[in-house]
Amino acid sequence: VSTDLRSTATSAQSASDEAQRLAAVRRYDVLDTPPDGAFERITSLAATLFKVPIAIVSIVDTDRIWFKSHHGLDVEQIDRAPGLCASAILQDGPWVVEDAAVDPRTLTNPLVAGDFGLRFYAGVPLQTNDGFNLGTLCIIDKEPRELAAREVEMLEDLAGVVMDELELRLSARRSVALEAESRQMAEDLARTLQDSLLPLELPAVRGLEFATRYHVAFRDRVGGDFYDVIPTDAGCAVVIGDVCGKGAKAAALTGTARWTVRTASLNAWTPAKILARLNDVIARAYENPERYLTIAFADIRPREAGADIIVSLGGHPHPVILRHTGAVERIGVTAPIVGWKSGVSFTDASARLNSGDVLVLFTDGLQDSIGGRDAASDAVLHEVLGSVAGGTAEEVADRLDQLIGDDMRDDVAFLIVRIA
Amino acid sequence: VSDGELSLDATTADSICRVAVAGDVDLLTAPRLPEEIAAVLSKNGIQGVVLDLADVSFMDSSGLRALLQAQELTKERGTTFALSVPPGQVARLLELAGVADWFDYE
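Please read these numbers as outputs of a predicted model, since none were measured by experiment. (Residues numbered from 1 in each chain as written. Chains lettered and ligands numbered in written order. Predicted model: local features only at pLDDT ≥ 70, side-chain atom pairs only at ≥ 80, totals over all residues. Heavy atoms only, no water.)

Just to check I follow, could you spell out the overall build of chain A for this structure?
The number of helices and strands found in chain A is ten helices and 16 strands. The buried share of chain A, taken over its 420 residues, is 51%. For chain A, the proportion of contacts with a sequence separation of at least 24, taken over those separated by at least 6, is 67%. Total accessible area on chain A stands at roughly 18700 Å², and carbon and sulfur atoms take up 51% of it. (Helix = DSSP H or I, 4+ residues; strand = E, 2+ residues; numbered from the N terminus. Buried < 20%, exposed > 50% of the residue type's maximum accessible area, 1.4 Å probe, protein only. Contact = heavy atoms within 4.5 Å. Areas by Shrake-Rupley, 256 points an atom, 1.4 Å probe, with all protein chains shown as cover.)

In C-alpha coordinates:
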(Lines give C-alpha, C1' and ligand atoms only; values in the text may rest on other atoms or scores of the structure.)
Protein backbone atom coordinates (compact mmCIF):
# COMPACT_ATOMS: atom_id res chain seq x y z
CA VAL A 1 0.00 0.00 0.00
CA SER A 2 1.55 3.21 -1.06
CA THR A 3 1.55 6.24 1.12
CA ASP A 4 -1.62 8.12 0.47
CA LEU A 5 -0.76 11.65 -0.42
CA ARG A 6 -4.25 12.75 -1.38
CA SER A 7 -4.01 14.79 1.78
CA THR A 8 -1.30 17.14 0.69
CA ALA A 9 -1.73 20.30 2.70
CA THR A 10 -4.09 22.65 1.00
CA SER A 11 -3.46 26.35 0.97
CA ALA A 12 -3.27 27.92 4.37
CA GLN A 13 -6.62 28.94 5.68
CA SER A 14 -7.16 32.64 5.91
CA ALA A 15 -7.19 34.32 9.30
CA SER A 16 -10.92 34.85 9.09
CA ASP A 17 -11.50 31.15 8.39
CA GLU A 18 -9.46 30.30 11.47
CA ALA A 19 -11.43 32.84 13.53
CA GLN A 20 -14.67 31.17 12.42
CA ARG A 21 -13.23 27.73 13.17
CA LEU A 22 -12.28 28.86 16.68
CA ALA A 23 -15.78 30.27 17.14
CA ALA A 24 -17.11 26.80 16.28
CA VAL A 25 -14.75 25.27 18.87
CA ARG A 26 -16.13 27.71 21.44
CA ARG A 27 -19.70 26.91 20.40
CA TYR A 28 -19.25 23.22 21.15
CA ASP A 29 -17.87 24.25 24.53
CA VAL A 30 -15.80 21.10 24.91
CA LEU A 31 -12.36 22.53 25.84
CA ASP A 32 -11.22 21.71 29.37
CA THR A 33 -14.28 19.63 30.15
CA PRO A 34 -13.80 16.58 32.41
CA PRO A 35 -13.15 13.10 30.96
CA ASP A 36 -16.21 11.53 29.43
CA GLY A 37 -16.93 7.80 29.15
CA ALA A 38 -18.20 7.98 25.57
CA PHE A 39 -14.92 9.42 24.24
CA GLU A 40 -12.80 7.15 26.43
CA ARG A 41 -14.56 4.15 24.89
CA ILE A 42 -13.95 5.41 21.37
CA THR A 43 -10.19 5.94 21.82
CA SER A 44 -9.86 2.61 23.63
CA LEU A 45 -11.73 0.92 20.81
CA ALA A 46 -9.57 2.64 18.18
CA ALA A 47 -6.36 1.52 19.91
CA THR A 48 -7.57 -2.10 20.01
CA LEU A 49 -8.96 -2.06 16.51
CA PHE A 50 -5.83 -0.65 14.85
CA LYS A 51 -3.39 -2.31 17.29
CA VAL A 52 -1.69 1.01 18.11
CA PRO A 53 -0.54 2.13 21.57
CA ILE A 54 -2.05 5.63 21.37
CA ALA A 55 -5.44 6.99 20.26
CA ILE A 56 -6.56 10.55 20.84
CA VAL A 57 -9.61 12.77 20.45
CA SER A 58 -8.06 16.21 20.07
CA ILE A 59 -9.50 19.70 19.86
CA VAL A 60 -7.32 22.35 18.24
CA ASP A 61 -7.47 25.60 20.19
CA THR A 62 -5.83 28.95 19.40
CA ASP A 63 -2.36 27.99 20.53
CA ARG A 64 -2.69 24.47 21.92
CA ILE A 65 -4.04 21.06 21.09
CA TRP A 66 -6.21 19.83 23.93
CA PHE A 67 -7.04 16.15 24.31
CA LYS A 68 -10.64 15.32 25.13
CA SER A 69 -9.52 11.71 25.45
CA HIS A 70 -5.98 10.37 25.33
CA HIS A 71 -5.68 6.60 25.38
CA GLY A 72 -2.13 5.38 25.98
CA LEU A 73 -0.63 8.82 26.51
CA ASP A 74 -0.39 10.59 29.83
CA VAL A 75 -0.54 14.11 28.43
CA GLU A 76 -3.57 16.39 28.43
CA GLN A 77 -2.46 18.94 25.87
CA ILE A 78 0.48 20.02 23.73
CA ASP A 79 1.49 23.23 22.03
CA ARG A 80 -0.16 23.75 18.70
CA ALA A 81 3.10 24.39 16.83
CA PRO A 82 4.52 20.85 16.55
CA GLY A 83 1.17 19.10 16.76
CA LEU A 84 0.33 16.90 13.83
CA CYS A 85 -3.38 17.40 14.53
CA ALA A 86 -2.93 21.03 13.58
CA SER A 87 -1.86 19.83 10.15
CA ALA A 88 -4.60 17.23 10.04
CA ILE A 89 -7.39 19.76 10.56
CA LEU A 90 -6.24 21.67 7.49
CA GLN A 91 -7.43 18.71 5.41
CA ASP A 92 -10.88 17.81 4.23
CA GLY A 93 -10.20 14.10 4.74
CA PRO A 94 -7.87 11.71 6.56
CA TRP A 95 -4.24 12.70 7.00
CA VAL A 96 -2.00 9.67 7.12
CA VAL A 97 1.75 9.55 7.73
CA GLU A 98 2.92 5.92 7.52
CA ASP A 99 6.55 6.61 8.37
CA ALA A 100 7.07 10.07 9.78
CA ALA A 101 10.85 9.68 9.91
CA VAL A 102 11.09 9.64 6.15
CA ASP A 103 8.00 11.62 5.21
CA PRO A 104 8.99 15.12 4.06
CA ARG A 105 5.89 16.56 5.75
CA THR A 106 7.00 15.44 9.18
CA LEU A 107 10.64 14.37 9.33
CA THR A 108 11.78 17.60 10.98
CA ASN A 109 8.87 17.70 13.42
CA PRO A 110 10.18 17.65 17.03
CA LEU A 111 7.72 14.90 17.99
CA VAL A 112 9.26 12.80 15.24
CA ALA A 113 12.92 13.84 15.44
CA GLY A 114 12.91 14.24 19.22
CA ASP A 115 12.66 11.87 22.22
CA PHE A 116 9.06 10.99 21.64
CA GLY A 117 9.97 9.23 18.43
CA LEU A 118 6.64 9.30 16.64
CA ARG A 119 6.69 7.23 13.45
CA PHE A 120 3.08 6.64 12.49
CA TYR A 121 0.18 9.10 12.52
CA ALA A 122 -3.33 8.85 11.06
CA GLY A 123 -5.89 11.53 11.86
CA VAL A 124 -9.41 12.23 10.65
CA PRO A 125 -10.79 15.74 11.11
CA LEU A 126 -13.80 16.14 13.40
CA GLN A 127 -15.89 18.16 11.01
CA THR A 128 -19.04 20.02 12.10
CA ASN A 129 -22.21 20.11 10.02
CA ASP A 130 -21.24 23.58 8.83
CA GLY A 131 -17.78 22.45 7.72
CA PHE A 132 -15.42 23.46 10.51
CA ASN A 133 -12.73 21.08 11.72
CA LEU A 134 -12.69 21.17 15.51
CA GLY A 135 -9.86 18.67 15.96
CA THR A 136 -9.16 15.05 15.12
CA LEU A 137 -9.58 11.46 16.04
CA CYS A 138 -6.05 10.19 15.56
CA ILE A 139 -4.04 7.05 16.12
CA ILE A 140 -0.31 7.11 16.80
CA ASP A 141 2.48 4.53 16.89
CA LYS A 142 6.22 4.66 17.51
CA GLU A 143 6.75 2.14 14.72
CA PRO A 144 6.10 2.83 11.05
CA ARG A 145 2.88 1.23 9.80
CA GLU A 146 0.75 0.81 6.77
CA LEU A 147 -2.92 1.66 6.78
CA ALA A 148 -5.20 -0.06 4.27
CA ALA A 149 -7.97 1.88 2.54
CA ARG A 150 -10.51 -0.20 4.48
CA GLU A 151 -8.83 0.81 7.76
CA VAL A 152 -8.91 4.47 6.79
CA GLU A 153 -12.66 4.12 6.27
CA MET A 154 -13.03 2.55 9.70
CA LEU A 155 -11.12 5.44 11.25
CA GLU A 156 -13.42 7.87 9.43
CA ASP A 157 -16.46 6.02 10.78
CA LEU A 158 -15.11 6.27 14.31
CA ALA A 159 -14.47 9.99 13.83
CA GLY A 160 -18.12 10.23 12.77
CA VAL A 161 -19.14 8.64 16.07
CA VAL A 162 -17.04 11.20 17.96
CA MET A 163 -18.73 14.00 16.04
CA ASP A 164 -22.18 12.53 16.75
CA GLU A 165 -21.36 12.62 20.46
CA LEU A 166 -20.24 16.24 20.22
CA GLU A 167 -23.41 17.19 18.32
CA LEU A 168 -25.52 15.40 20.92
CA ARG A 169 -23.90 17.38 23.72
CA LEU A 170 -24.35 20.63 21.82
CA SER A 171 -28.05 20.00 21.23
CA ALA A 172 -28.57 18.97 24.86
CA ARG A 173 -26.97 22.24 25.97
CA ARG A 174 -29.21 24.14 23.54
CA SER A 175 -32.32 22.46 24.96
CA VAL A 176 -31.28 23.44 28.45
CA ALA A 177 -30.69 27.03 27.31
CA LEU A 178 -34.06 27.14 25.50
CA GLU A 179 -35.76 25.72 28.56
CA ALA A 180 -34.19 28.40 30.75
CA GLU A 181 -35.24 31.07 28.27
CA SER A 182 -38.86 29.91 28.13
CA ARG A 183 -38.99 29.68 31.92
CA GLN A 184 -37.73 33.26 32.09
CA MET A 185 -40.47 34.34 29.67
CA ALA A 186 -43.11 32.61 31.76
CA GLU A 187 -41.83 34.37 34.87
CA ASP A 188 -41.82 37.75 33.12
CA LEU A 189 -45.35 37.18 31.86
CA ALA A 190 -46.55 36.10 35.29
CA ARG A 191 -45.00 39.16 36.92
CA THR A 192 -46.49 41.56 34.37
CA LEU A 193 -49.93 40.01 34.76
CA GLN A 194 -49.56 40.00 38.53
CA ASP A 195 -48.69 43.69 38.54
CA SER A 196 -51.84 44.45 36.56
CA LEU A 197 -53.94 42.76 39.24
CA LEU A 198 -52.59 44.79 42.14
CA PRO A 199 -52.80 48.54 42.63
CA LEU A 200 -49.68 50.26 41.29
CA GLU A 201 -49.72 52.48 44.32
CA LEU A 202 -52.18 52.79 47.16
CA PRO A 203 -54.28 55.94 47.25
CA ALA A 204 -53.71 58.44 50.03
CA VAL A 205 -56.70 58.42 52.36
CA ARG A 206 -56.88 61.09 55.03
CA GLY A 207 -56.65 59.63 58.51
CA LEU A 208 -55.45 56.20 57.36
CA GLU A 209 -52.04 54.60 56.85
CA PHE A 210 -51.53 51.44 54.74
CA ALA A 211 -48.95 48.72 54.33
CA THR A 212 -49.20 45.74 51.98
CA ARG A 213 -47.19 42.60 51.29
CA TYR A 214 -47.36 39.93 48.62
CA HIS A 215 -45.27 36.76 48.89
CA VAL A 216 -45.52 34.60 45.76
CA ALA A 217 -45.02 30.85 46.22
CA PHE A 218 -44.20 30.04 42.56
CA ARG A 219 -42.34 32.66 40.56
CA ASP A 220 -43.45 31.37 37.16
CA ARG A 221 -47.14 31.30 37.99
CA VAL A 222 -49.49 34.16 38.54
CA GLY A 223 -50.48 34.19 42.16
CA GLY A 224 -54.09 33.82 43.18
CA ASP A 225 -54.10 36.44 45.92
CA PHE A 226 -55.07 40.05 45.38
CA TYR A 227 -55.79 43.17 47.36
CA ASP A 228 -57.08 46.63 46.60
CA VAL A 229 -57.77 49.95 48.25
CA ILE A 230 -60.70 51.81 46.73
CA PRO A 231 -61.38 55.45 47.67
CA THR A 232 -65.03 56.17 48.50
CA ASP A 233 -66.95 59.34 49.35
CA ALA A 234 -66.78 58.55 53.06
CA GLY A 235 -63.26 57.12 53.17
CA CYS A 236 -62.23 53.93 51.47
CA ALA A 237 -62.92 50.26 50.98
CA VAL A 238 -60.15 47.72 51.45
CA VAL A 239 -60.32 44.28 49.90
CA ILE A 240 -58.23 41.15 50.12
CA GLY A 241 -59.00 37.98 48.23
CA ASP A 242 -57.72 34.60 47.21
CA VAL A 243 -58.74 33.12 43.88
CA CYS A 244 -58.71 29.34 43.91
CA GLY A 245 -56.17 28.00 41.46
CA LYS A 246 -53.16 29.55 39.78
CA GLY A 247 -52.15 30.69 36.34
CA ALA A 248 -53.95 32.42 33.52
CA LYS A 249 -57.51 31.31 34.35
CA ALA A 250 -57.12 32.34 37.98
CA ALA A 251 -55.67 35.67 36.82
CA ALA A 252 -58.70 36.28 34.60
CA LEU A 253 -61.02 35.63 37.54
CA THR A 254 -58.92 37.89 39.75
CA GLY A 255 -59.32 40.70 37.21
CA THR A 256 -63.08 40.15 37.03
CA ALA A 257 -63.34 40.15 40.81
CA ARG A 258 -61.22 43.23 41.30
CA TRP A 259 -63.14 45.36 38.82
CA THR A 260 -66.56 44.05 39.84
CA VAL A 261 -65.81 45.06 43.42
CA ARG A 262 -64.55 48.46 42.28
CA THR A 263 -67.68 49.05 40.22
CA ALA A 264 -70.02 47.84 42.98
CA SER A 265 -68.25 50.15 45.44
CA LEU A 266 -69.51 53.15 43.47
CA ASN A 267 -72.96 52.40 44.91
CA ALA A 268 -73.77 53.20 48.51
CA TRP A 269 -74.06 49.48 49.25
CA THR A 270 -72.99 47.70 52.39
CA PRO A 271 -70.11 45.22 52.10
CA ALA A 272 -72.52 42.25 52.30
CA LYS A 273 -74.46 43.54 49.32
CA ILE A 274 -71.29 44.18 47.35
CA LEU A 275 -70.17 40.59 47.98
CA ALA A 276 -73.60 39.28 46.96
CA ARG A 277 -73.27 41.17 43.67
CA LEU A 278 -69.74 39.87 43.14
CA ASN A 279 -70.93 36.34 43.91
CA ASP A 280 -73.69 36.46 41.32
CA VAL A 281 -71.53 38.10 38.65
CA ILE A 282 -68.95 35.33 38.94
CA ALA A 283 -71.41 32.45 39.37
CA ARG A 284 -73.21 33.53 36.19
CA ALA A 285 -70.11 34.41 34.19
CA TYR A 286 -68.73 30.90 34.56
CA GLU A 287 -71.52 28.57 33.52
CA ASN A 288 -69.76 25.44 34.65
CA PRO A 289 -68.28 26.72 37.86
CA GLU A 290 -64.71 25.67 38.24
CA ARG A 291 -63.36 28.54 40.16
CA TYR A 292 -64.27 30.57 43.12
CA LEU A 293 -62.64 33.02 45.43
CA THR A 294 -62.58 33.95 49.06
CA ILE A 295 -62.70 37.59 49.99
CA ALA A 296 -62.75 39.96 52.94
CA PHE A 297 -64.18 43.41 52.29
CA ALA A 298 -63.99 46.30 54.75
CA ASP A 299 -65.69 49.66 54.40
CA ILE A 300 -63.69 52.21 56.40
CA ARG A 301 -65.03 55.63 57.35
CA PRO A 302 -62.59 57.82 59.24
CA ARG A 303 -64.16 59.80 62.12
CA GLU A 304 -62.82 62.14 64.74
CA ALA A 305 -59.90 60.20 66.37
CA GLY A 306 -60.95 56.89 64.88
CA ALA A 307 -62.95 55.15 62.19
CA ASP A 308 -66.11 53.11 61.76
CA ILE A 309 -65.67 49.90 59.85
CA ILE A 310 -68.08 47.39 58.36
CA VAL A 311 -66.65 44.03 57.34
CA SER A 312 -68.14 41.25 55.25
CA LEU A 313 -66.55 37.87 54.54
CA GLY A 314 -66.95 35.35 51.78
CA GLY A 315 -65.25 32.10 52.80
CA HIS A 316 -62.26 34.11 53.95
CA PRO A 317 -60.24 34.10 57.21
CA HIS A 318 -61.46 36.71 59.68
CA PRO A 319 -59.54 39.97 59.62
CA VAL A 320 -58.01 40.90 62.96
CA ILE A 321 -58.24 44.17 64.83
CA LEU A 322 -55.09 45.00 66.76
CA ARG A 323 -55.97 47.63 69.35
CA HIS A 324 -53.29 50.16 70.24
CA THR A 325 -53.57 48.77 73.76
CA GLY A 326 -52.39 45.34 72.57
CA ALA A 327 -55.80 43.65 72.62
CA VAL A 328 -56.50 41.51 69.56
CA GLU A 329 -59.96 40.57 68.26
CA ARG A 330 -61.39 38.93 65.15
CA ILE A 331 -64.07 40.63 63.10
CA GLY A 332 -66.57 39.25 60.60
CA VAL A 333 -69.28 36.63 60.24
CA THR A 334 -68.40 33.45 58.37
CA ALA A 335 -70.19 33.17 55.02
CA PRO A 336 -69.63 30.96 51.97
CA ILE A 337 -66.98 31.23 49.30
CA VAL A 338 -67.82 33.59 46.44
CA GLY A 339 -68.83 32.59 42.91
CA TRP A 340 -69.45 28.86 43.19
CA LYS A 341 -73.23 29.18 43.18
CA SER A 342 -75.59 32.10 42.85
CA GLY A 343 -78.03 33.35 45.46
CA VAL A 344 -75.66 33.11 48.43
CA SER A 345 -76.03 35.79 51.11
CA PHE A 346 -73.40 37.49 53.22
CA THR A 347 -73.40 39.25 56.57
CA ASP A 348 -72.07 42.62 57.73
CA ALA A 349 -70.21 43.09 61.00
CA SER A 350 -69.27 46.52 62.32
CA ALA A 351 -66.72 47.89 64.76
CA ARG A 352 -65.33 51.18 65.95
CA LEU A 353 -61.58 51.66 65.61
CA ASN A 354 -59.71 54.22 67.67
CA SER A 355 -56.64 56.23 66.86
CA GLY A 356 -53.62 53.87 66.74
CA ASP A 357 -55.75 50.77 66.15
CA VAL A 358 -54.83 48.54 63.24
CA LEU A 359 -56.97 46.37 60.96
CA VAL A 360 -55.10 43.36 59.54
CA LEU A 361 -56.49 41.56 56.48
CA PHE A 362 -54.65 38.49 55.20
CA THR A 363 -55.02 35.41 53.02
CA ASP A 364 -55.05 31.85 54.36
CA GLY A 365 -51.46 31.29 53.23
CA LEU A 366 -50.49 33.21 56.38
CA GLN A 367 -52.27 30.68 58.59
CA ASP A 368 -50.73 27.79 56.66
CA SER A 369 -47.31 29.37 57.24
CA ILE A 370 -47.95 29.48 60.98
CA GLY A 371 -49.13 25.90 61.08
CA GLY A 372 -52.79 25.62 60.18
CA ARG A 373 -56.25 27.01 60.57
CA ASP A 374 -56.79 26.14 64.19
CA ALA A 375 -57.02 27.85 67.53
CA ALA A 376 -53.30 27.32 68.16
CA SER A 377 -52.26 29.16 65.02
CA ASP A 378 -54.78 31.91 65.75
CA ALA A 379 -53.18 32.24 69.18
CA VAL A 380 -49.71 32.54 67.60
CA LEU A 381 -50.94 35.19 65.19
CA HIS A 382 -52.64 37.14 67.98
CA GLU A 383 -49.59 36.99 70.20
CA VAL A 384 -47.29 38.13 67.38
CA LEU A 385 -49.62 41.00 66.55
CA GLY A 386 -49.93 41.94 70.22
CA SER A 387 -46.16 42.37 70.33
CA VAL A 388 -46.31 45.20 67.77
CA ALA A 389 -49.30 47.03 69.24
CA GLY A 390 -49.01 50.77 68.75
CA GLY A 391 -46.58 50.28 65.84
CA THR A 392 -46.91 51.75 62.36
CA ALA A 393 -48.60 49.81 59.56
CA GLU A 394 -45.16 49.00 58.10
CA GLU A 395 -43.91 47.73 61.44
CA VAL A 396 -46.89 45.38 61.72
CA ALA A 397 -46.27 44.16 58.14
CA ASP A 398 -42.56 43.63 58.84
CA ARG A 399 -43.40 41.53 61.88
CA LEU A 400 -45.83 39.37 59.87
CA ASP A 401 -43.15 38.92 57.17
CA GLN A 402 -41.07 37.07 59.75
CA LEU A 403 -43.77 34.38 60.00
CA ILE A 404 -43.37 33.41 56.35
CA GLY A 405 -41.08 30.41 55.92
CA ASP A 406 -39.09 29.34 52.88
CA ASP A 407 -41.25 26.38 51.88
CA MET A 408 -44.40 28.28 50.95
CA ARG A 409 -47.13 26.13 49.44
CA ASP A 410 -49.39 29.03 48.70
CA ASP A 411 -49.16 32.75 48.16
CA VAL A 412 -49.44 34.98 51.18
CA ALA A 413 -50.80 38.51 51.04
CA PHE A 414 -51.66 40.94 53.77
CA LEU A 415 -52.99 44.44 53.95
CA ILE A 416 -52.58 46.54 57.07
CA VAL A 417 -54.67 49.66 57.78
CA ARG A 418 -53.73 51.85 60.71
CA ILE A 419 -55.97 54.60 62.03
CA ALA A 420 -53.91 57.79 62.42
CA VAL B 1 -45.10 20.42 57.06
CA SER B 2 -45.77 17.75 54.50
CA ASP B 3 -46.80 14.22 55.35
CA GLY B 4 -46.26 13.53 51.70
CA GLU B 5 -48.13 12.13 48.77
CA LEU B 6 -51.84 11.90 48.26
CA SER B 7 -53.20 8.38 48.14
CA LEU B 8 -56.69 7.43 46.98
CA ASP B 9 -58.15 4.01 47.64
CA ALA B 10 -61.58 3.12 46.24
CA THR B 11 -63.61 0.14 47.46
CA THR B 12 -67.17 -0.65 46.41
CA ALA B 13 -69.83 -2.46 48.44
CA ASP B 14 -73.59 -2.52 47.86
CA SER B 15 -73.33 -0.01 44.95
CA ILE B 16 -71.67 2.55 47.24
CA CYS B 17 -68.09 3.46 46.42
CA ARG B 18 -65.99 4.55 49.33
CA VAL B 19 -62.85 6.52 48.45
CA ALA B 20 -60.34 6.74 51.27
CA VAL B 21 -58.22 9.87 50.89
CA ALA B 22 -54.89 10.00 52.71
CA GLY B 23 -51.98 12.44 52.71
CA ASP B 24 -51.81 16.01 51.44
CA VAL B 25 -54.47 17.56 49.24
CA ASP B 26 -52.85 20.72 47.92
CA LEU B 27 -52.32 22.67 44.72
CA LEU B 28 -50.24 19.88 43.20
CA THR B 29 -52.24 16.83 44.25
CA ALA B 30 -55.84 18.11 44.42
CA PRO B 31 -56.68 17.59 40.70
CA ARG B 32 -56.36 13.82 41.24
CA LEU B 33 -59.43 13.80 43.46
CA PRO B 34 -62.06 14.74 40.85
CA GLU B 35 -60.22 12.51 38.36
CA GLU B 36 -60.64 9.57 40.71
CA ILE B 37 -64.32 10.36 41.23
CA ALA B 38 -64.85 10.55 37.46
CA ALA B 39 -63.20 7.12 37.14
CA VAL B 40 -65.40 5.71 39.90
CA LEU B 41 -68.53 7.14 38.27
CA SER B 42 -67.62 5.55 34.92
CA LYS B 43 -68.19 2.11 36.45
CA ASN B 44 -71.62 0.58 36.13
CA GLY B 45 -74.01 0.39 39.01
CA ILE B 46 -72.49 3.00 41.32
CA GLN B 47 -75.31 4.73 43.17
CA GLY B 48 -73.38 6.66 45.74
CA VAL B 49 -69.91 7.96 46.56
CA VAL B 50 -68.48 8.52 50.02
CA LEU B 51 -65.23 10.46 50.40
CA ASP B 52 -63.49 9.42 53.58
CA LEU B 53 -61.24 12.31 54.63
CA ALA B 54 -60.18 10.91 58.00
CA ASP B 55 -56.55 10.39 56.97
CA VAL B 56 -56.02 13.70 55.21
CA SER B 57 -52.93 15.33 56.74
CA PHE B 58 -53.25 18.68 54.98
CA MET B 59 -55.84 20.34 52.80
CA ASP B 60 -55.85 23.86 51.39
CA SER B 61 -58.25 25.82 49.20
CA SER B 62 -57.28 23.74 46.15
CA GLY B 63 -58.52 20.72 48.09
CA LEU B 64 -61.79 22.48 48.83
CA ARG B 65 -62.26 23.12 45.14
CA ALA B 66 -61.56 19.45 44.45
CA LEU B 67 -64.32 18.48 46.90
CA LEU B 68 -66.75 20.89 45.24
CA GLN B 69 -65.82 19.56 41.80
CA ALA B 70 -66.31 15.98 42.97
CA GLN B 71 -69.73 16.96 44.27
CA GLU B 72 -70.62 18.54 40.91
CA LEU B 73 -69.60 15.38 39.06
CA THR B 74 -71.83 13.18 41.22
CA LYS B 75 -74.71 15.63 40.93
CA GLU B 76 -74.48 15.47 37.13
CA ARG B 77 -74.71 11.68 37.32
CA GLY B 78 -77.58 11.65 39.81
CA THR B 79 -75.38 9.84 42.31
CA THR B 80 -75.41 10.57 46.02
CA PHE B 81 -72.30 12.17 47.48
CA ALA B 82 -71.28 12.31 51.11
CA LEU B 83 -68.20 13.21 53.09
CA SER B 84 -66.84 11.45 56.11
CA VAL B 85 -65.03 14.14 58.08
CA PRO B 86 -63.83 13.75 61.64
CA PRO B 87 -63.25 16.93 63.67
CA GLY B 88 -59.96 18.48 62.63
CA GLN B 89 -58.28 20.53 59.95
CA VAL B 90 -60.58 19.54 57.07
CA ALA B 91 -63.71 20.20 59.12
CA ARG B 92 -62.36 23.63 60.08
CA LEU B 93 -61.48 24.37 56.44
CA LEU B 94 -65.09 23.64 55.40
CA GLU B 95 -66.41 25.63 58.34
CA LEU B 96 -64.26 28.72 57.72
CA ALA B 97 -65.00 28.66 53.99
CA GLY B 98 -68.68 28.80 54.91
CA VAL B 99 -69.48 25.67 52.91
CA ALA B 100 -69.86 23.05 55.68
CA ASP B 101 -73.62 22.90 55.07
CA TRP B 102 -73.19 22.51 51.31
CA PHE B 103 -72.23 18.88 51.79
CA ASP B 104 -74.00 15.74 53.03
CA TYR B 105 -72.22 13.73 55.67
CA GLU B 106 -72.03 10.05 56.38
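There's more to say after this.
Help me out: how do you make sense of the packing of aromatic side chains in this one?
Where two aromatic rings form a pair, the distance of their centres and the angle of their planes describe that pair. Residues and elements named next belong to chain A. All chains considered together, the criterion is met by two aromatic pairs over all chains. On the numbers, 5.8 Å between centres and 70° between planes, the contact of Trp 95 with Tyr 121 is edge-to-face. Taken together, the residues span a long stretch of sequence, with Trp 95 in strand β4 (residues 95-97) and Tyr 121 in strand β5 (residues 120-127) at a distance of 26 residues. For the residue pair Trp 95 and Tyr 121, the accessibility class agrees, reading buried in each case. (Phe/Tyr/Trp six-rings, centres within 6.5 Å; stacked < 30°, edge-to-face > 60°.)

I keep staring at the side chain of Asp52(B) and nothing clicks. Help me out?
Residues and elements named next belong to chain B. Mapped onto the secondary structure, Asp 52 falls in strand β3 (residues 48-59). Accessibility expressed as a relative area gives 16% for Asp 52, which makes it buried. Separated by 3.0 Å, the side chain of Asp 52 and the backbone nitrogen of Ala 54 make a polar contact. If near-sequence neighbours (up to four positions away) are discounted, Asp 52 is found in contact with Arg 18, Val 19, Ala 20, Val 21 and Ser 84. (Polar contact = N/O pair within 3.5 Å; in protein donor to acceptor, adjacent residues only side chain to side chain.)

Help me out: how do you make sense of the pattern of salt bridges in this one?
Close approach of charged atoms lets side chains of opposite charge pair. Residue and element names in this part refer to chain A. This model, assessed by the stated rule, comprises 27 salt bridges over all chains. Residue Asp 299 is joined to Arg 301 by a salt bridge in which the shortest nitrogen-to-oxygen separation is 2.7 Å. The exposure class of Asp 299 is buried, given its relative accessible area of 8%. Taking relative accessible area as the criterion, Arg 301 reaches 31% and is therefore assigned partly exposed. (Salt bridge = Lys/Arg side-chain N within 4 Å of Asp/Glu carboxyl O.)

Got a minute to help me understand the nonpolar core in this structure?
Across soluble globular proteins, nonpolar side chains have a tendency to be buried as a group. Membership of the largest hydrophobic core comes to 87 residues, with the highest contact counts inside it found for Val238(A), Leu293(A), Ile300(A), Leu359(A) and Val21(B). Apart from the residues within four sequence positions on either side, Ile300(A) is in contact with Leu208(A), Ala234(A), Gly235(A), Cys236(A), Val238(A), Ala307(A), Asp308(A), Ile309(A), Leu359(A) and Val417(A). (Core = buried A, V, L, I, M, F, W, Y, C linked by side-chain atoms within 4.5 Å.)

What exactly am I supposed to notice about the interface of chain A and chain B here?
A common measure of how large an interface is: the accessible area buried when the components associate. With 26 residues of chain A in contact, the opposing surface of chain B contributes 26 residues. Roughly 2100 Å² of surface becomes buried between chain A and chain B when both sides are summed, with 58% attributable to carbon and sulfur atoms. Considering only the surface of chain A that becomes buried against chain B, Trp340(A), Arg373(A) and Arg409(A) emerge as the three largest contributors, covering 35% of it. There are zero salt bridges connecting chain A and chain B. On the surface where chain A and chain B come into contact, there are three residue pairs in polar contact (both at pLDDT 80 or more). Among the residues making up the side of chain A that touches chain B, the classes are represented as eight nonpolar, six polar and twelve charged. (Buried area = accessible area lost by both parts, 1.4 Å probe. Nonpolar A, V, L, I, M, F, W, Y, C, P; charged D, E, K, R; others polar.)

Teacher, can you tell me more about the sheet that holds strand β11 (residues 306-314) of chain A here?
Through backbone hydrogen bonds, the strands of a sheet pair up, either in parallel or in antiparallel fashion. Residues and elements named next belong to chain A. The antiparallel open sheet is built from five strands, whose spatial order is β8-β9-β10-β11-β14. Where the open sheet ends on each side, the last strands, each with one partner, are β8 (225-232) and β14 (348-354). The mean inter-strand angle of the sheet, taken between neighbouring strand axes irrespective of direction, is 20°. (Pairing = 2+ DSSP bridges. Axes fitted to C-alpha atoms, helices over the stretch in contact; angles between N-to-C directions.)

Explain helix α10 (residues 393-401) of chain A to me, please; I cannot follow it from the model alone.
For an α-helix, 3.6 residues make a turn, and residues three or four places apart therefore share a direction. All names here are of chain A. Among all positions of α10, only Ala 393, Val 396, Ala 397 and Leu 400 are buried. For α10, the arc enclosing every buried residue in end-on projection is 100°, short of the 170-degree limit, so these residues lie on one face. Where α10 is buried, its residues touch β7 (208-215), β12 (320-322), β15 (358-362), α9 (375-386) and β16 (412-419). (Arc of directions from axis to C-beta.)

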